[in-house]
Amino acid sequence: MDIYDHPTFLMACQQFDQVADHLEIPQEDRDRLKYPKRSMVVALPIHKDDGSTQVFTGYRVQHHLTLGPTKGGLRFHPQVSLGEVAALAMWMSWKCALCGLPYGGAKGGITCDPGKLSLTELERLTRRYTQEMIPFIGPQVDVMAPDLGTNQQVMAWMMDTYSVHMGHTVPSIVTGKPVGLGGSLGRREATGRGVGYLVNRATDTIGLDISKATAAIQGFGNVGSITALSLARYGVKIIAVTDAFGGVYNAEGLNLWELEKHVAARKTVAGFPGADALTNEQLLELPCDILVPAALERQITAENAGKIKCRILAEAANGPTTPEADAIIAQRPEIFVIPDVLCNAGGVVVSYFEWVQDLQSFFWGETEVVDKLFRILEAAFTQTVTLSRKQKIPMRVAALSLGIKRVQEAKRTRGLFP
Ligand code: NAD
């Protein structure tokens, strides 16, 4: 389907085809599993603060509806396109199925640079997008959450816009809301906390002493910064961090609490006192025990996959490693990969908890949230490692096999209507 033509969608399809070959999925089932069920493209005119009007483009892709409502983040970024959103929606499907959640995958986005919009412009854009999506979303239809460039405030505006339209408050329309509006305790921290938990399990698996390990993290937003704190609690020394504007390195370890303050004031890690400057390219090739891409897709490629020097590659971002890089890493058994659909699943797992709490209007304590999160991640990790070892297949193929097979079986059991 040419409308999804984009390197990231091609990459998601290549991964799917590899797993479909491994699972011997019949050709006639493949297109049905691969291509999105619904895709929406909307024009979003808003008044700018200077009185002018600007039209933005927004997208929402709902990948499959077989297991329940669709679920997935909303991204604000200049490079958002239909193909990128479709790839991210497909990965969400396999991730939800891997974790046993009753959802299909979805993803949305607006092509914009949120850093160049004022708060009031951002609010108008978010509300306009929500309004345009009202015919296609709902707590039992499609539920959004934060992703790159969006946060709790954006979710609060979406919830308010949808609720005003319905005439009553509907907290379950989005997850990742502020706790005071029906958000879940532990949702903001969930993705990074899950990355920390899984890295700890990976160190057990390969026999690495986590308390002596070092880590380098690309991206210091929601996921990257919480991953850093979570790893530090296990005793890991965070030696390097980068973001869209630069990076910092200190072999003795960065003081994360001071770094948080610096980022709050400067909106970037760059220029943090007491550390050397570092580029994204340098970070990815830095000798360290744990490498965490936590920013964008396609960062580890055929060019640099042979040069990464870590023991654990923890894919906190979606799609950070290309299939060409995967082939190179497969020849390097010293690297243990925690693939994205497993590594960053903590976010959607606690989003699921938030949706359940909102539907029941009955809220859980943080200990209960974290305990239930770790149980689901533990099951997904154990199943993936077991399959990978039993069938001698890469961790990514194992994780995707578990997810894709569950969706395939659900589609087969439900049958094709009419
Ligand atoms: P965010 O907007 O909070 O942070 C993104 C970070 O990446 C920022 O520090 C930004 O400066 C940095 N960045 C952007 N472009 C970069 C570049 N070219 N090079 C280096 N750094 C760059 O976003 P987030 O929510 O932390 O999401 C990060 C990744 O995690 C994305 O791939 C997202 O899809 C994935 N993810 C997020 C969640 C979630 O709960 N937020 C859940 C699962 C997966």
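Here the structure is a predicted model, which means the values were calculated and not measured.

Student: For this particular structure, what's the right way to read the overall build of the protein?
Tutor: Assigned secondary structure in the protein consists of 14 helices and 12 strands. Its C-alpha atoms give the protein a radius of gyration of 20 Å, within 12% of the compact-globule value 22 Å for 418 residues. Overall size of the protein, expressed as C-alpha extent along the three principal axes, is 55 × 55 × 45 Å. The buried share among the 418 residues of the protein stands at 58%. Across the protein, contacts joining residues at least 24 apart in sequence account for 69% of those joining residues at least 6 apart. Carbon and sulfur atoms provide 54% of the accessible area of the protein, an area that totals close to 17,100 Å². Where the 42 positive side-chain charges of the protein centre and where its 43 negative ones centre are 4 Å apart.

Student: Explain the layout of surface pockets here, please?
Tutor: Leftover empty space is mapped by rolling, across the atoms, a probe with the size of a water molecule. Reported here for the second largest pocket is a volume of approximately 610 Å³. A330, I335, V337, P394 and M395 are, among the 24 residues lining the second largest pocket, the residues nearest its centre. Ranked by residues supplied to the lining of the second largest pocket, first place goes to helix 10 (residues 323–330) with 5 residues. Considered class by class, the residues forming the lining of the second largest pocket number 14 nonpolar, 4 polar and 6 charged. The residue makeup of the lining of the second largest pocket includes at least three contributed by each of domain 1 (2–171) and domain 2 (190–343).

Student: Looking at this structure, I do not really get the pairing of strand 1 (residues 38–47). What am I missing?
Tutor: When a strand is regular, its side chains alternate between the sheet's two faces. Pairing of strand 1 with strand 2 (residues 53–62) involves 10 bridges; the strand directions are antiparallel. From the neighbouring strand, R38 faces strand 2, where its bridge partner is Q62. Where strand 1 hands over to strand 2, the hairpin turn is made up of 5 residues, of which G51 adopts a positive phi near 95 degrees.

Student: Just checking my understanding: could you explain the sheet that holds strand 4 (residues 104–111) for this structure?
Tutor: In a beta sheet, neighbouring strands pair by backbone hydrogen bonds and run either parallel or antiparallel. Strand order in the open sheet formed by 5 strands is 1-2-4-3-5, and the pairing between neighbours is mixed. The strands lining the two open edges of the sheet, one partner per strand, are strand 1 and strand 5 (142–146). With strand direction ignored, the average angle separating the axes of adjacent strands in the sheet is 25 degrees.

Student: It is not clear to me how the site of the ligand should be interpreted in this structure. Could you clarify?
Tutor: For the ligand, the set of nearby residues contains 23 residues, the closest of which are D147, T191, V223, A295 and N318. Here G221 contributes a backbone N or O atom positioned 3.2 Å from an oxygen atom of the ligand. Within the backbone of V223, one N or O atom sits 2.9 Å away from an oxygen atom of the ligand. Burial of the ligand by the surrounding chains reaches 84%, relative to a free accessible area of 830 Å². Counting residues per element, the ones that place at least two in the shell around the ligand are helix 6 (187–206) and helix 7 (222–233). Composition of the shell around the ligand by domain shows at least three residues from each of domain 1 (2–171) and domain 2 (190–343).

Student: Explain helix 5 (residues 152–166) here, please?
Tutor: Two residues of an α-helix separated by three or four positions point the same way, owing to the 3.6 residues in each turn. Here helix 5 spans 21 Å end to end across 15 residues, near enough to the 21 Å set by a 1.5 Å rise per residue. Every buried residue of helix 5 is accounted for by V154, M155, A156, W157, M158, M159, T161, Y162 and S163. The inward-facing, buried residues of helix 5 abut strand 3 (70–77), helix 4 (119–133) and strand 5. You can read the cap of helix 5 off the contacts: a side-chain oxygen lies 3.1 Å from the backbone nitrogen of Q153, and it is on N151. At the exit of helix 5 stands G167, carrying a positive phi of roughly 90 degrees.

Student: Is there a simple way to think about the environment of D142 in this case?
Tutor: Take D142: it is sitting in strand 5. Residue class for D142 comes out buried when judged on its relative accessible area of 0%. When the C-alpha atoms of D142 and R60 are compared, they prove to be 9.8 Å apart, with 82 residues separating the residues in sequence. If sequence neighbours within four positions are ignored, D142 has contacts with R60, Q62, P69, T70, K71, A106, F136, I137 and I173. A distance of 2.9 Å separates the side chain of D142 from the side chain of T70, its partner in a polar contact.

Student: I would appreciate a short explanation of the side chain of S184 in the present structure.
Tutor: Here S184 lies in the loop between helix 5 and helix 6. What S184 contacts, discounting residues up to four positions off in sequence, is V179, V350, E354, Q357 and V369.

Student: Explanation requested: the sheet that holds strand 6 (residues 214–218) in the structure shown.
Tutor: Reading across the sheet, the 7 strands line up as 9-8-7-6-10-11-12 and stay open at both edges, with mixed pairing between neighbours. Only two strands of the sheet have a single partner each, and these edge strands are strand 9 (276–277) and strand 12 (336–338). Strand direction decides the pairing type here: strand 6 and strand 7 (residues 237–243), joined by 5 bridges, are parallel. Within the sheet, the bridge partner assigned to Q218 lies in strand 7 and is T242.

Parameters and conventions
- Residues numbered from 1 in each chain as written.
- Predicted model: local features only at pLDDT ≥ 70, side-chain atom pairs only at ≥ 80, totals over all residues.
- Heavy atoms only, no water.
- Helix = DSSP H or I, 4+ residues; strand = E, 2+ residues; numbered from the N terminus.
- Rg over C-alpha atoms; globule rule 2.2 N^0.38 Å.
- Buried < 20%, exposed > 50% of the residue type's maximum accessible area, 1.4 Å probe, protein only.
- Contact = heavy atoms within 4.5 Å.
- Areas by Shrake-Rupley, 256 points an atom, 1.4 Å probe, with all protein chains shown as cover.
- Lys, Arg positive; Asp, Glu negative; His and termini not counted.
- Charge placed at Lys NZ, Arg CZ, Asp CG, Glu CD.
- 1 Å grid on protein atoms, 1.4 Å probe; cavity = no way out; pocket = protein on both sides within 12 Å on 5 of 7 lines; lining within 4 Å.
- Points joined across faces, edges and corners; volume = space filled by probe spheres on them.
- Nonpolar A, V, L, I, M, F, W, Y, C, P; charged D, E, K, R; others polar.
- Domains from an automatic or database assignment.
- Pairing = 2+ DSSP bridges.
- Axes fitted to C-alpha atoms, helices over the stretch in contact; angles between N-to-C directions.
- Near = heavy atom within 4 Å.
- Polar contact = N/O pair within 3.5 Å; in protein donor to acceptor, adjacent residues only side chain to side chain.
- Expected span 1.5 Å × (residues − 1).

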